[in-house]
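Structural features, examined
Here is what each chain is made of, one letter per residue.
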Amino acid sequence: MAVKPIPEGQHSITPYLGIKDAAKAIDFYKKAFGAIEMFRLDSPDGRVGHAELKIGDSSLMLADPCEQSGGLTSSQSLNGTAIGLHLYVENADATYAQALAAGATQVTEVKDQFYGDRSGTLKDPFGNLWFVSTHQEDLSVEEIRARAAKLFSGQ
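You'll find the protein chain entered in an unreviewed UniProt entry as VOC domain-containing protein, with Pseudomonas wadenswilerensis given as the organism.

Below, the structure written as structure tokens:
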């Protein structure tokens with residue numbers, strides 16, 4: 001049987017996060033977003049060498065940065081935030097509250113957006129932004145542009 005070029009259960013693009021103390025991040029993502037740990041390889045010194053999580057139908061990979069990680073650094077070492085993850089869920093309000101209870105901090109509150117989603121933005125304890133959203137309306141590009149124009153003109 002031939003090996004598939006994209007492994008079963010994976011998508012073409014999977015975010016890969018470098019996080020200092022990745023084990024704590026894995027615990028946080030489990031509490032905040034219901035992540036399921038699919039695979040984990042700890043290094044000899046006890047740090048996470050590689051881990052794969054499943055959140056909903058998507059994968060997230062992460063590791064503690066090290067010499068073998070090919071230049072991967074951590075969000076905590078940057079000035080500002082370099083990574084933003086957009087997470088679609090059944091109930092943005094409930095997931096947002098769950099993430100806050102797990103230790104995330106509010107960036108923007110959950111509210112109805114002009115583009116048809118209800119969403120809010122959180123920062124996880126490891127310096128990454130999460131846009132937690134529930135899609136509410138199917139809109140055409142023209143409808144979104146008209147709403148954006150109205151919003152940004154202050155009307």
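So, about the overall build of the protein chain. Across its full length, the protein chain holds three helices and eight strands. Listing the helices and strands of the protein chain from first to last along the sequence gives β-α-β-β-β-β-α-β-β-β-α. For the protein chain, the proportion of its 155 residues judged to be buried stands at 35%. Of the roughly 9,500 Å² of accessible surface on the protein chain, 54% is carried by carbon and sulfur atoms.

Read across the open sheet, the four strands follow the order 5-8-7-6; overall the sheet is mixed. Of all strands in the sheet, those bounded by a partner on one side alone are strand 5 (84-88) and strand 6 (105-112). Averaged over all adjacent pairs, the angle separating strand axes in this sheet is 15°, with direction ignored. Relative to strand 8 (residues 129-135), strand 7 (residues 117-123) runs antiparallel, the two sharing seven bridges. Paired with Lys 123 across the strands is Leu 129, a residue of strand 8.

Read from one edge of the open sheet, four strands run 1-4-3-2, paired in mixed fashion. The strands lining the two open edges of the sheet, one partner per strand, are strand 1 (16-18) and strand 2 (36-42). Averaged over all pairs of adjacent strands, the angle between their axes in this sheet comes to 15°, without regard to strand direction. Summarising the sheet, strand 2 and strand 3 (residues 48-55) pair through six bridges and their orientation is antiparallel. What sits directly across from Leu 41, in strand 3, is His 50.

With that settled, consider the packing of aromatic side chains. Counted under the stated rule, the structure contains nine aromatic pairs. Each ring, one from Tyr 29 and one from Phe 126, has its centre 6.3 Å from the other, and the planes form 65°; the classification is edge-to-face. Of this pair, Tyr 29 sits in helix 1 (residues 22-33) while Phe 126 sits in the loop between strand 7 and strand 8, and the two are 97 residues apart along the sequence. Just as Tyr 29 is buried, Phe 126 falls in that class too. Here Phe 114 and Tyr 115 contribute two aromatic rings whose centre-to-centre distance is 5.1 Å and whose plane-to-plane angle is 85°, an arrangement assigned as edge-to-face. Among the residues examined, Phe 114 registers a relative accessible area of 23% and is labelled partly exposed. By way of ring pairs, the aromatic residues Phe 28, Tyr 29, Phe 33, Phe 126 and Trp 130 are connected into one cluster.

The next point concerns the pattern of salt bridges. Here the structure, examined in full by the defined rule, presents nine salt bridges. Put simply, Asp 42 and Arg 40 hold a salt bridge, and the shortest N to O gap is 3.1 Å. For Asp 42, a relative accessible area of 42% corresponds to the partly exposed category. Arg 147 is the partner of Glu 137 in a salt bridge, and the nearest nitrogen-oxygen pair spans 2.9 Å.

Turning to its location among the elements, Lys 30 is positioned in helix 1. Put simply, Lys 30 and Ala 102 are 72 residues apart on the chain and 9.2 Å apart in space, counted from C-alpha to C-alpha. Other than its neighbours up to four places away in sequence, Lys 30 contacts Ala 35 and Glu 37. A polar contact of 3.1 Å, which involves the side chain of Lys 30, links it to the side chain of Glu 37.

Conventions and cut-offs
- Residues numbered from 1 in each chain as written.
- Predicted model: local features only at pLDDT ≥ 70, side-chain atom pairs only at ≥ 80, totals over all residues.
- Heavy atoms only, no water.
- Helix = DSSP H or I, 4+ residues; strand = E, 2+ residues; numbered from the N terminus.
- Buried < 20%, exposed > 50% of the residue type's maximum accessible area, 1.4 Å probe, protein only.
- Areas by Shrake-Rupley, 256 points an atom, 1.4 Å probe, with all protein chains shown as cover.
- Pairing = 2+ DSSP bridges.
- Axes fitted to C-alpha atoms, helices over the stretch in contact; angles between N-to-C directions.
- Phe/Tyr/Trp six-rings, centres within 6.5 Å; stacked < 30°, edge-to-face > 60°.
- Salt bridge = Lys/Arg side-chain N within 4 Å of Asp/Glu carboxyl O.
- Contact = heavy atoms within 4.5 Å.
- Polar contact = N/O pair within 3.5 Å; in protein donor to acceptor, adjacent residues only side chain to side chain.

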